[in-house]
Amino acid sequence: VTYIKIFHKQFAIAFDVYLAIIHEIQSHVDVALGQSDPDWPLHNSCPACTFKVSSTVALFPASLRAMDSNNSAK
């Protein structure tokens, strides 16, 4: 495929429009779910699950999560 300069500009414009649409949709979804408050992640996260001790070696993966109503912990 030969490089044509105008394609670069057209793709950049189209991708910017795509990202703006995705951002707008995500904003509407956040408002509908009541997650538009900037402090929402702070109020709805588990401090014990995300606490990191500086003297320990980092693990890979850092945490494992499951969306099964916490049945995997039983």
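Residues numbered from 1 in each chain as written. Predicted model: local features only at pLDDT ≥ 70, side-chain atom pairs only at ≥ 80, totals over all residues. Heavy atoms only, no water.

Peer 1: Help me out: how do you make sense of the overall build of the chain in this one?
Peer 2: Secondary structure summary: the chain contains 3 helices and 0 strands in total. Seen in sequence order, the chain has helices and strands lined up from the N terminus as α-α-α. In terms of overall size, the chain is more extended than a compact globule, its C-alpha atoms giving a radius of gyration of 21 Å where 74 residues would be expected to give roughly 11 Å. Dimensions of the chain, computed from C-alpha atoms along their principal axes, come out at roughly 55 × 35 × 25 Å. In the chain, which comprises 74 residues, the share counted as buried stands at 1%. Just so you have it, the chain exposes about 7,400 Å², and 65% of that area is on carbon and sulfur atoms. One way to put it: in the chain the 5 positive side-chain charges average out to a point 12 Å from where the 6 negative ones average out. (Helix = DSSP H or I, 4+ residues; strand = E, 2+ residues; numbered from the N terminus. Rg over C-alpha atoms; globule rule 2.2 N^0.38 Å. Buried < 20%, exposed > 50% of the residue type's maximum accessible area, 1.4 Å probe, protein only. Areas by Shrake-Rupley, 256 points an atom, 1.4 Å probe, with all protein chains shown as cover. Lys, Arg positive; Asp, Glu negative; His and termini not counted. Charge placed at Lys NZ, Arg CZ, Asp CG, Glu CD.)

Peer 1: Please clarify how the packing of aromatic side chains should be interpreted in this entry.
Peer 2: Each aromatic ring pair is characterised by the separation of its centres together with the angle its planes make. Tallying each qualifying case throughout the model produces 2 aromatic pairs. Here phenylalanine 11 and phenylalanine 15 contribute two aromatic rings whose centre-to-centre distance is 5.9 Å and whose plane-to-plane angle is 15°, an arrangement assigned as stacked. With phenylalanine 11 and phenylalanine 15 both in helix H1 (residues 5-32), this residue pair falls 4 residues apart, about one helical turn. Assessed through its relative accessible area of 56%, phenylalanine 11 is described here as exposed. Judged by relative accessible area, phenylalanine 15 falls into the partly exposed class, the value being 38%. These aromatic residues form a ring-pair network of at least three members: Phe11, Phe15 and Tyr18. (Phe/Tyr/Trp six-rings, centres within 6.5 Å; stacked < 30°, edge-to-face > 60°.)

Honestly, that's just the spatial picture; any functional story needs more than this.
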